[in-house]
Amino acid sequence: MKIRRRTIALLLLFGLALGIATCNISPSSVDSGVGDRPFRVWWQQGFYPEETQEIRRLVAEWEGENGIPVELTFYSDKDMLKETNNAIAAVNPPDMLFSTGKIEPAIPGFAWDDRLVDVSDVIEPVLDRYDPAALESVRYENAATGKTAYYAVPLSQQTVHLHYWKPLLEEAGMAEESIPRNWDEFWQFWKTAQERLRQQGQEDIYAFAFPLSTAASDTYFIFEHFLEAYNVQVVSPTGQLQVSDPNVRQGIITALTEYTDFYTDGYVPPSAVNWGNAENNVTFLSRDAVLTANPSLSIPGSQRQDRATYFDALATIGRPDKPDGTPLSSVVSIKKVVIFKESQNREAAKSLLAYLIRPDNLAAYLKGAQGRYFPVMPELLDDPFWTDPEDPHISVSARDYRQTRSFPQSFNPAYSQVLSDNVWGRAIRAVVADGISPEAAADRAIAEIRAIFSDWERQ
């Protein structure tokens, strides 16, 4: 499909909706001087102090080896969006940017609009170390050149994981060993847990801490797995929009009906229609819900220092099979770094990137993040940190990466706006807050997606 995009407009919509020894970018190849502007690196603030400390350490080591100062600035997700908006509008973006939040889906559009540096020479020396799916997620088309290339460097990946409270199950008189793998029976199991706890007088307990808001990117991240469960493929691997297929429409309706029924049937807190990304974590950690889904391991990571909670009370579990009995693939988002084309320090930026993706450095960074995100280099999973059977969360979650698929913007960057506009969140909220039927909400979402793809078509 031929497409175009105005990246600044996409970012504004965001604000409204929500090394390798063999690498040919070696320290010796980097000029000692920099451009007229400082070498600026913008990095999203780590969820844990150790995450931020580790990237500071690695950047400082690179500075020491190369004699080039780095102006390293950390921003929250919200501030990163605002600052990047302003910098792009002023044609003065940072040299290098890493963001795991609202900017991330816009990256394919950046590449399409010829705003990013081709970083193939950073990736190609270590191509064989990467998971092929990670590479697929950073290979984009540039409309100005007509070239498809690597315009971002993968650092890590994330997907949705399921967590539950063992004590609450025990109070409900239900055994962990009896948790079903069948799709319908799996969800009914947690509903039954709520019903039994309510019978005991726990009136404020819910089965699920699931977001249903337009403000939370977690909403669409989780809902994509319900679409996957019903084999909904909105965009084909060749980039074609497929919402005209009656089976796709019906799959969307079925997924919407099931997800919103959790709320309308009283199994999700009423406030979930207004949640941001943190509220499902807070609700679950307050033990006001038996089960939650979260697009990272931030929940168990936050409890690592409390051994009783981490090892004895909190549990992580694999997802159920699809309704058709086949395994449910993980919808994976690749966390990536980009270099902006306006950079006056491209070679320094490439050198720093090559340094960061050396396996030992990348492993240290990911472990500093407490396993919140997973490696994109399979060899790193050999580290006991990821495979320790005594760890009840990381070792279990690692299995979620055995069968994966990418978000559809990997096949067509127009889908990045579907996410940035939180089209799925709007459809979900329309059902639970406005009383619209799932059929009508699905048709509205399909119309919005068609309009988005049409807007991206080249004039």
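Given the structure is predicted, the values throughout are model-derived calculations rather than measurements.

Caption draft 1: Quick look at the overall build of the protein. A tally of helices and strands in the protein yields 20 helices and 12 strands. Its C-alpha atoms give the protein a radius of gyration of 22 Å, within 12% of the compact-globule value 23 Å for 459 residues. Referenced to the eigenvectors of the C-alpha coordinate spread, the extents of the protein come out at roughly 70 × 55 × 35 Å. In the protein, which comprises 459 residues, the share counted as buried stands at 59%.

Caption draft 2: Spotlight on a negative patch on the surface. Together, Glu170, Glu171, Glu176 and Glu177 make up a region of like negative charge exposed at the surface. Along the polypeptide, Glu176 turns up in the loop between helix 7 (166-171) and helix 8 (183-199). The exposure class of Glu176 is partly exposed, given its relative accessible area of 30%.

Caption draft 3: Seen up close, the pairing of strand 6 (residues 153-158). Of all six residues making up strand 6, six are buried, and the element is well covered by its neighbours. As judged from the five bridges shared by strand 6 and strand 11 (residues 330-339), these two strands associate in the antiparallel manner. Bridging from a neighbouring strand, Pro154 pairs with Lys336 of strand 11.

Caption draft 4: Expanded view of unusual backbone geometry. Despite not being glycine, Asp114 has its phi angle at roughly 65°, a positive value. Here Asp114 is to be found in the loop between helix 4 (107-112) and helix 5 (120-123). Despite not being glycine, Gln370 shows a phi value in the positive range, around 65°. One can find Gln370 in the loop between helix 15 (359-368) and helix 16 (384-387). For Gln370, a relative accessible area of 12% gives the class buried.

Caption draft 5: A look at the confidence of the model for the protein. In this model, the protein carries an average pLDDT of 89, and 92% of its residues clear a pLDDT of 70 or more. Within the model, pLDDT remains below 50 along residues 1-33, and this stretch shows 112 contacts once partners closer than five positions in the same chain are excluded.

Caption draft 6: Representation of the pattern of salt bridges within the structure. By the definition in use, this model includes 18 salt bridges. Of the charged contacts in the structure, one is a salt bridge between Glu104 and Lys336, with a shortest N-O distance of 3.6 Å. With Glu104 in the loop between strand 3 (96-98) and helix 4 and Lys336 in strand 11, this residue pair connects regions lying 232 residues apart in the sequence. Overall, the relative accessible area of 6% leaves Glu104 in the buried class. Two residues, Arg426 and Glu448, come together in a salt bridge whose shortest N-O distance is 2.5 Å. Separated by 22 residues along the polypeptide, Arg426 in helix 19 (residues 423-434) and Glu448 in helix 20 (residues 438-456) bring together distant segments of the chain. Each member of the salt-bridge network shares a partner with another, and the members are Glu224, Glu228, Lys322 and Arg405.

Caption draft 7: Spatial organisation of helix 9 (residues 217-229). Helix length check: helix 9 (13 residues) gives 19 Å between terminal C-alpha atoms against 18 Å at 1.5 Å per residue, within 8%. Counting buried residues along helix 9, 13 of its 13 residues qualify, which places the element largely inside the surrounding structure. Asn231 lies just past helix 9 and shows a positive phi near 60°.

Caption draft 8: Here's a closer look at the environment of Gln242. Positionally, Gln242 belongs in the loop between helix 9 and helix 10 (246-264). Among the residues examined, Gln242 registers a relative accessible area of 25% and is labelled partly exposed. Residues Gln242 and Ile446 lie 204 residues apart in sequence; the distance between their C-alpha atoms is 9.9 Å. Apart from residues no more than four positions distant in its own chain, Gln242 is found in contact with Gln233, Val234, Val235, Ser236 and Val248.

Rules used in this analysis
By convention here, each chain's residues receive numbers from 1 onward along its written sequence. Whole-chain, interface and lining totals are the exception, using all residues; otherwise, since this is a predicted model, local features are given only for residues with pLDDT of at least 70 and side-chain atom pairs are given and counted only at 80 or more. The side-chain quantities take in all heavy atoms of the structure and omit both hydrogens and water. A run of H or I in DSSP becomes a helix once it reaches four residues, and a run of E becomes a strand once it reaches two; helices and strands are each numbered from the N terminus. For the radius of gyration, the atom set is restricted to C-alpha positions; the globular benchmark scales as 2.2 Å times the number of residues to the power 0.38. In this scheme, a residue with accessible area under 20% of its type's maximum is buried, one over 50% is exposed, and one in between is partly exposed, where area comes from a 1.4 Å probe on protein chains only. A patch consists of residues exposed above 30% relative accessible area that lack any salt bridge, with like charges linked at up to 9 Å and nonpolar side chains (Val, Leu, Ile, Met, Phe, Trp, Tyr) linked at up to 5 Å. The method behind every accessible area is Shrake-Rupley, applied with a 1.4 Å probe, and residues are considered shielded solely by the protein chains displayed. The term salt bridge refers to a pairing of a side-chain nitrogen on Lys or Arg with a carboxyl oxygen on Asp or Glu at a separation within 4 Å. His is not counted here, nor are the chain ends, while Lys and Arg score as positive and Asp and Glu score as negative. To locate a charge, take NZ of a lysine, CZ of an arginine, CG of an aspartate or CD of a glutamate. Two strands are said to pair when DSSP picks up at least two bridges between them. The predictor's confidence in any single residue is recorded as pLDDT, a number from 0 to 100. The contact definition used throughout considers only heavy atoms, calling two residues in contact when any of these lie within 4.5 Å. Expected helix span is given by 1.5 Å per residue-to-residue step, counting one fewer step than there are residues.

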